[in-house]
Amino acid sequence: MKRRTFTALATLALMAGLTTPAFAQDTLKVGAVAPKTGPLAGGAAVSYWPNVKLWVEDVNARGGLKVDGKQMKLEVVEYDDQTNPGETIKAVQRLVDQDQAQIVLPPYSTGLNLAAAPIYARYGIPMITSTATTDKAADLSKQFPNVFISLGGAQPIALGAVEALTKLKAKGDIGNKIAMVNVADAFGIELAGVAKKAFEAAGFQIVYETSYPLGTQDLSPVMKAAKAAAPDAFVAFSYPPDTFALTEQAIVEDLQVGAFYTAVATAFPGYVKRFGPAIDGVLGIGGVNTESPAFKEYAARHMAVTGAAPDFWASAVVYSTFQVLEQSIEAVGLDNAKIIAHIKGNAFDTVIGTLDFDDNNNNPSFWTVGQWQGGVFKGVASTGREGAVEPIKKAGWK
Amino acid sequence: MDIIITGLLLGGTYALIAMGLNLQYGMARIMNLANGEMLVAGGFAAFWFYTAGAVSPVLTVFLVAPVAFAANWLIYMIFLRPLVKRAKSRGQLEVDAILTTFGLSFVGVGLMLAFFGGDYFSYSYLSVPVHLLGDTYGANRLVAFGAAVVICGALWLWLAYSRMGVSIRAIAVAPDSARLVGIDVRALAALAFALGGAVTATGGALISTFLTLDASTGVIFTLKALVIVIMGGVGDVRGTVVAALLLGLLETFVASVIDPGLTLAAAYLLFVIILLVRPQGLFGRKTT
Amino acid sequence: MRLSPKDWQGLTLAAIALIVVACLPLVASGYQLSLGVTVAMYTVLATSWAIFSGPTHYISLATAAFFGVGAYVTGIGITYLPYWALPLIAGVIAAVMAALVGLATLRLSGVYFVIFTLGLAEFLRQVITWGQNISGTKGIYVLTSITEAHIFWQLLGLAALVWLAGWAIGRSRLGFALRIIGDDEVVAKHAGIDTARAKILLFMLPGGVAAMTGAILAPRYVYIEPLIAFTPMLSFQVVIMALLGGTGRLWGPIVGVIPFTFLWEAISRSFPNQTTLLLGIAFLAIVYLLPKGFVGLIESARRRTEGWS
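Time to look at the overall build of chain B. A tally of regular secondary structure across chain B gives 11 helices and two strands. Element order for chain B, N to C, with α for helix and β for strand: α-α-α-α-β-β-α-α-α-α-α-α-α. Taken over C-alpha atoms, the radius of gyration comes to 19 Å for chain B, in line with the 19 Å a tight globule of 288 residues would show. Dimensions along the principal axes, computed over C-alpha positions, put chain B at roughly 55 × 45 × 35 Å. Residues classed as buried in chain B amount to 61% of the 288 residues present. Counted over contacts in chain B with a minimum sequence separation of 6, partners at least 24 positions apart contribute 77%.

The next subject is the interface of chain C and chain A. A common way to state how big an interface is: give the accessible area lost once the parts meet. Facing 39 residues of chain C, the contacting portion of chain A comprises 40 residues. Among the secondary structure elements, those contributing two or more residues to the side of chain C that touches chain A are α3 (30-56), α6 (110-135), α10 (195-221), α11 (226-229), α13 (252-270) and α14 (275-289) of chain C.

What follows concerns the packing of helix α5 (residues 139-161) of chain B against helix α8 (residues 185-207) of chain B. Residue and element names in this part refer to chain B. The geometry of α5 relative to α8 is characterised by a closest axis approach of 10 Å and an angle of 165° between their N-to-C directions. Regarding the angle of α5 to α8, the classification is roughly antiparallel. The way α5 lies across α8 gives a crossing that is right-handed. Mapping the contact onto sequence places A144, A147 and I151 in α5 and V199, T202, L206 and I207 in α8. For the contact of α5 with α8, the per-class residue count stands at six nonpolar, one polar and no charged.

Residue and element names in this part refer to chain A. When pLDDT is averaged along chain A, the result is 85; 93% of the residues meet or exceed 70. Element-level mean pLDDT values for chain A span from 48 in helix α1 (residues 2-18) up to 94 in strand β9 (residues 233-237). For the stretch residues 1-6, pLDDT sits under 50, and the model shows four contacts to residues farther than four places along the chain or on other chains. Taken as a whole, residues 12-24 scores under 50 in pLDDT and shows 14 contacts with residues more than four places along the chain or in a different chain.

Time to look at the environment of P206 of chain C. All names here are of chain C. Tracing the sequence through the fold places P206 in helix α10. The class of P206 is buried, set by 28 C-beta atoms lying within 10 Å. Apart from residues lying up to four places away in sequence, P206 is in contact with S48, W49, I51, F52 and S60.

This next bit is on the domain arrangement of chain A. All names here are of chain A. Assigned domains of chain A: these are domain 1 (26-153 + 292-366) and domain 2 (154-288 + 368-382). Placing a centre on the C-alpha atoms of domain 1 and another on those of domain 2 gives a separation of 29 Å. Taken together, the contact pairs 17 residues of domain 1 with 16 residues of domain 2. A breakdown of the residues in the side of domain 1 that touches domain 2 according to their chemical character gives nine nonpolar, six polar and two charged.

A separate point is the interface of chain B and chain C. Each side of the interface is counted separately: chain B has 34 residues, and chain C has 32 residues. Broken down by secondary-structure element, the contributors of at least two residues to the side of chain B that touches chain C are α3 (57-86), α4 (90-116), α9 (218-232) and α11 (263-277) of chain B. If one sorts the elements of the side of chain B that touches chain C by residue count, α4 of chain B sits on top with 16 residues. Looking at the side of chain B that touches chain C, its residues break down into 25 nonpolar, six polar and three charged.

This brings us to the environment of P118 of chain A. Here P118 of chain A shows up in helix α5 (residues 110-123). Taking the number of C-beta atoms within 10 Å as the measure of exposure, P118 of chain A has 24 and is therefore buried. Along the sequence, P118 of chain A and I89 of chain A sit 29 residues apart, while their C-alpha atoms lie 8.9 Å from each other. The contacts of P118 of chain A, once residues within four sequence positions are left out, are F144 of chain A together with V222 of chain C.

With that out of the way, let us pick up the pairing of strand β12 (residues 347-350) of chain A. The side chains of a regular strand alternate between the sheet's two faces. Residues and elements named next belong to chain A. Here β12 shows a clear split, with F348 and T350 buried on one side and none of A347 and D349 buried on the other. The pairing of β12 with strand β13 (residues 353-356) spans four bridges and is antiparallel. Considered in β13, the bridge of T350 is made with G353. Between β12 and β13, which pair antiparallel and follow one another directly, the connecting turn spans two residues.

Residues and elements named next belong to chain A. Pairing is mixed across the open sheet formed by four strands, whose spatial order is β2-β3-β1-β4. Among the strands making up the open sheet, the edge pair consists of β2 (65-67) and β4 (103-104). Relative to β4, strand β1 (residues 27-34) runs parallel, the two being bridged by two bridges. In the sheet register, V30 faces β4, and the bridge partner there is I103.

Of all hydrophobic cores here, the largest spans 355 residues; its most connected members are F234 of chain A together with L155 of chain C. The leading source of residues in this core is α10 of chain C, at 15 residues. Shared between two domains, this core takes at least three residues from each, and those domains are domain 1 (26-153 + 292-366) and domain 2 (154-288 + 368-382) of chain A. When residues no more than four places from it in sequence are discounted, the contact partners of L155 of chain C are V37, A40, M41, V44, T213 and I216 of chain C.

Rules behind the numbers
- Residues numbered from 1 in each chain as written.
- Chains lettered and ligands numbered in written order.
- Predicted model: local features only at pLDDT ≥ 70, side-chain atom pairs only at ≥ 80, totals over all residues.
- Helix = DSSP H or I, 4+ residues; strand = E, 2+ residues; numbered from the N terminus.
- Rg over C-alpha atoms; globule rule 2.2 N^0.38 Å.
- Buried ≥ 20, exposed ≤ 12 C-beta atoms within 10 Å, placed from the backbone.
- Contact = placed C-beta atoms within 7 Å.
- Axes fitted to C-alpha atoms, helices over the stretch in contact; angles between N-to-C directions.
- Parallel < 35°, antiparallel > 145°, perpendicular 65-115°, else oblique.
- Left-handed = near helix turned anticlockwise from the far one by under 90°.
- Nonpolar A, V, L, I, M, F, W, Y, C, P; charged D, E, K, R; others polar.
- pLDDT = per-residue confidence, 0-100.
- Domains from an automatic or database assignment.
- Pairing = 2+ DSSP bridges.
- Core = buried A, V, L, I, M, F, W, Y, C linked by C-beta atoms within 7 Å.

Following this line, the structure appears as structure tokens:
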């Protein structure tokens, strides 16, 4: 009896799962797939998922998306890919073939975006990535003409850090001795490689340099060794857990530097929430024009709708790529090929300002470095964005 | 000197992570793959009380421990007792326990996601420098180390000298003979499992003061704990402590002297060497 | 080896079934094909896993380690070598690795082996990451024109090889020796069986096959980095699916893989926000309600019907 019940239940579950539910014609199905569990879930919960929610709410609050003269409400279908590229691919196919989603948003993170790129290409879906950093935009757009890169490449991001520190050096705020560490994965390695050469070319001397594995539980040896080298500036190309850990160790060790840079998660609202005013003057990856009315309004709506503040890097970019998609659909309808052509051929007005892709489907102007100044993470270096402020010297931790 | 103290502090953290699993696996014979989720849950509790009510994590521990004890006792009674009854051999129980607790770890992650979301949770507590022998260390790490010493010491004393502790060790060594001398094996195994869970959650609350956790990080700690427990010898408090300290020292040494990029690789190398030289673990008894 | 008419019948039926399944890419949508690839991938992994772990009772969590090695062989080799050679190279490298690992660890008793194999994936991941850091390279792009259908057919071919190998081993002296080892290792030793050698030889099979699977699937992932290639979840999923099916029979794992893949799919699809929670619950239900896997269920059902007739 028990067994029979179970079999019946399993069959039911299968049927529920595999039949396509009917959908009404005046709604548009929007598919989103990104990690809700797994190693990258923490980052997606800050930068990605809240924006999906916000965008759909915003569009529906306006009455919906105008497609060929008809207002259509959005209905979102969310899938968790468990930070597993195999699941991402499957979920995208499920969205298109089974759920018949008319709009599919890009996934989250460099690796998952790249893994899913061939599938998006096969279906011809416009894929305006917002959380992938790659320097291979030219190769990618040749292979997958539907892929757009908006968050920038590793090269400019590393060079931005060098630029900010060079400015501080020129002002006499810091000397030329740098301690540089990186998380030992693709992201950290690439940035450190670029930054090292650029720092040396800019007349800096790297007095301490190392990498540490992702998931290192104790970074105090790293910070102690960096401190022992008596640097004028500390640069870490780090991931979320280690960004927090390195900052905490710097406070504990009372690392006295004129510039302190950590990478991913420095721009997260949780960063300032945790460390408070101690981190004023910390430099980090990302940045936004915090003075622009568009961003201010976006941040306020983000807070109101999702109950959390946006981060100061990818959040606004994620939302603005959704805006690009939205404006393109309103302009040319739901034909994917037309949408892609429209994205290539036009500039878009978004919460981060004008978004305009170059011939390689790459957004050439993006924020590279920001700095906590008075509780706000302000952009200090970019590749052609407006509103950058001057970097300031990092005062003590207390 | 600096390396030794930093290494010992890290070792203390590892002891907190692994001690609970040692009780669960060594005494109750349940290889608990959901151990890490219990740890993260303890961290969540500390985070929540600290941010919502500014309750010090050191105090939260006194609430977390009994709650975790009760929860783990229930988990054992509901989910694991039937397996123990069903199992014909130790090997069969091991397989069943791996499967069940793997499922439980999914449930644990799912529940935490549902209640707290997937965001990182981190807060600053006692992140102040303490000067010790001419060097500086984070106060929160020192507190966690102190707690590790107290917890491990108490456990060891209890297992070595109290009547109940001796009985628990007896069921670990020879469950069948233990039954013959009038020990209630089932009740004690449940007790050991619950105690292990309580220790793990306590450890989680303490280490959340200096580590950044999220709902999905549990598995990392489960792996580390497994390595330490196996390395030290299953069912031996001293072994786990020694293995944890050894690991902490080694990782700090490699990070400071050789290359931080090789710390985790070195840790597994140590694990392999120990297993090859002493397959039963540092303090383990040869299985018969 | 002489084949009885019944063997021939079985082989022919299996071959026909394979040919039918091989037509899937011609009729299926992209989504159905990707499910097909998932099923084929886990069938290969779980079946080869069960060929070793079924008779020996050693639970190996090294699948991810070998899978990752295979993925990296393709990732690095694709620029230098023709694609068809890569799965073979991956298989050989991993089989040698498996032999070394087996030499070191298969004398250990069960649980140590479990943890060791789990650590192996982690160890390799760390070493590769560190190597990347030293050499300054990073994630590898595998940009090819290989489609899902190609991958599906390759996996199907590999599955056929695995079944053949398992079938041949089952009939060989090695298979016999393994069954005795599984029953009682001491007895096996007394009977003059070189238990270590037998186990090591057999362990090379899942190792090599997992690496070949990784090599075949690498073009599907496009971008390979250690975190993706060596994900420990893979090892666990393979174990779960094989045990759900049942390891006593060669066809056991596949009857675990198919329902599990569809259940996983149904849950991910219908409850995207509670996927993990429900998977865990489904998992527990399986462990409690199907203690002997689907094989046990099917065989007891068969026994019952035979009893009636």
